[in-house]
Amino acid sequence: MRLTDPLETHSGRLVATVDGHEAYCDAIAALRLLELAEEDAAPQDKSWVAWRVVFVDGDKASADDPVLLSRAAWELYGIDLDGSHESECGGRRVIDWKADAQRIAASVMQVYGMPWHRFARENTFRDVCAMIGMLPRETPMGTAIYYRTAEAPKFNGRNAEQVQAFRKLQQAYVIEGKNGMADANASATDMFNALRRAAQNG
């Protein structure tokens, strides 16, 4: 894959050139692709939308290289559409994009001084993830990440209330259902496989 540095174009959205095709590399595209994987729609319909979510010229990109979508998704967003990067998708999941939406928006405004929609358009998905991961603990999202990753204090006979309070907060911020990045990619992989079968069946 030949990936150039991101360029700001197309109404302010970031794009990168992937094998000769302009692809959106901002957080908007990545999150829309993950949402699409969860939607209840026919594979053919998802396929049509997916190419246009990722590529500026979705029709031409899909005609030139049917597997370009999966390669671009991994290079641009770290989303494993075809299951070829399974070993690289482990680890604890610390962000729930839907449940944490308000926490993220409030924290981004507090720390970076930007509304979420602008922040998501003006940064790559990888950069957005990194900057959210570096949010101070005092922010709403920073607090959530802290209690999802920190170890509870060890009980020493005198700190029972402290340990109990910590575990209560840990439970309050737990992500329901899926726990790892592999799980976060699972629906996207299922979508890609369904799209591939649909293409093979004409």
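What counts, and at which threshold
- Residue positions are given per chain, counted from 1 along the sequence in the order it is written.
- Only residues with pLDDT of 70 or above have their local features reported here, since the model is predicted, and side-chain atom pairs are shown and tallied only from 80 upward, although totals for entire chains, interfaces and linings are computed over all residues.
- To obtain the side-chain values, all non-hydrogen atoms of the structure were used and water was disregarded.
- In DSSP terms, a helix is any run of H or I states spanning at least four residues, a strand is any run of E spanning at least two, and both are numbered starting from the N terminus.
- Relative accessible area decides the class of each residue, using a 1.4 Å probe on protein chains only: under 20% of the type maximum gives buried, over 50% gives exposed, and in between gives partly exposed.
- Whether two residues touch is decided by their heavy atoms; if any such pair falls within 4.5 Å, the residues are in contact.
- For two strands to be treated as a pair, DSSP must find no fewer than two bridges joining them.
- Here the nonpolar core consists of buried residues drawn from Ala, Val, Leu, Ile, Met, Phe, Trp, Tyr and Cys, with membership extended through side-chain atoms lying within 4.5 Å.
- Known as pLDDT, the predictor's per-residue confidence is scaled from 0 to 100.
- In this scheme Phe, Tyr and Trp rings, the latter by its six-membered ring, pair at centre separations within 6.5 Å, and the angle between planes marks the pair as stacked below 30 degrees, edge-to-face above 60, and tilted otherwise.
- Think of the arc as the fan of directions from the helix axis to the C-beta atoms.

**Q** Go over the overall build of the protein with me, naming the residues and quoting the values.
**A** A tally of helices and strands in the protein yields ten helices and three strands. Taken from N to C terminus, the helices and strands of the protein fall in the order β-β-β-α-α-α-α-α-α-α-α-α-α. When burial is assessed residue by residue, the protein has 42% of its 202 residues classed as buried. Put simply, of all contacts in the protein between residues at least 6 apart along the chain, 57% involve residues at least 24 apart.

**Q** How would you summarise the pairing of strand β2 (residues 13-18) if you had to cite specific residues and measurements?
**A** A large share of β2 lies buried, amounting to five of its six residues. With four bridges connecting them, β2 and strand β3 (residues 21-24) associate as antiparallel partners. Paired with A16 across the bridge in β3 is A23. The turn linking β2 back onto β3 is made up of two residues, and D19 within it adopts a positive phi angle of 50°.

**Q** Got a sec to walk through the nonpolar core? Specific residues and values, please.
**A** Counting residues in each nonpolar core, the largest one holds 47 residues, and the members touching the most others are L33, V54, F55, Y77 and I132. Counting residues per element, this core draws most heavily on helix α1 (residues 27-38), which supplies seven residues. Apart from residues no more than four positions distant in its own chain, F55 is found in contact with H21, E22, A23, Y24, A61, L68, L69 and A72.

**Q** Quick one: what's the story with the confidence of the model for the protein, residue by residue and with numbers?
**A** Looking at the protein as a whole, the pLDDT averages 83, with 80% of positions reaching at least 70. Of all the helices and strands in the protein, helix α10 (residues 181-200) carries the lowest mean pLDDT, 49, while helix α5 (residues 101-112) carries the highest, 97. A low-confidence stretch, residues 194-202 (pLDDT under 50), is modelled with six contacts involving residues beyond four sequence positions or located in other chains.

**Q** Can you lay out the packing of aromatic side chains for me, pointing to particular residues and giving the numbers?
**A** Within the structure shown, the criterion is met by nine aromatic pairs. Judged by centre distance (5.9 Å) and plane angle (40°), the rings of W116 and F119 are tilted. Linking W116 with F119, this pair stays in helix α6 (residues 116-122), spanning three residues, or about one helical turn. When its relative accessible area of 23% is taken as the criterion, W116 is described as partly exposed. When its relative accessible area of 1% is taken as the criterion, F119 is described as buried. Ring plane angle 55° and centroid distance 5.2 Å describe the contact between Y147 and F166, whose orientation is recorded as tilted. Placement of Y147 in helix α8 (residues 140-149) and of F166 in helix α9 (residues 160-172) is noted, with a sequence separation of 19 residues between them. In terms of burial, Y147 and F166 fall into one category: buried. Among the aromatic side chains, those forming a connected cluster through ring pairs are W97, Y112, W116, F119 and F125.

**Q** Quick one: what's the story with unusual backbone geometry, residue by residue and with numbers?
**A** Unusually for a residue other than glycine, D19 sits at a positive phi of about 50°. Counting through the fold element by element, D19 comes out in the loop between β2 and β3.

**Q** How would you sum up the side chain of N159? Please name residues and give values.
**A** Relative to the helices and strands, N159 is located in the loop between α8 and α9. The exposure class of N159 is buried, given its relative accessible area of 10%. N159 has contacts with P153 and K154, leaving out every residue within four places of it along the chain.

**Q** Describe helix α7 (residues 125-133), with residues and values.
**A** Listed as buried for α7 are F125, V128, M131 and I132. Down the axis of α7, the sector holding all buried residues measures 125°, keeping them to one side. Buried residues belonging to α7 abut α1, α4 (68-77), α5, α6 and α8.

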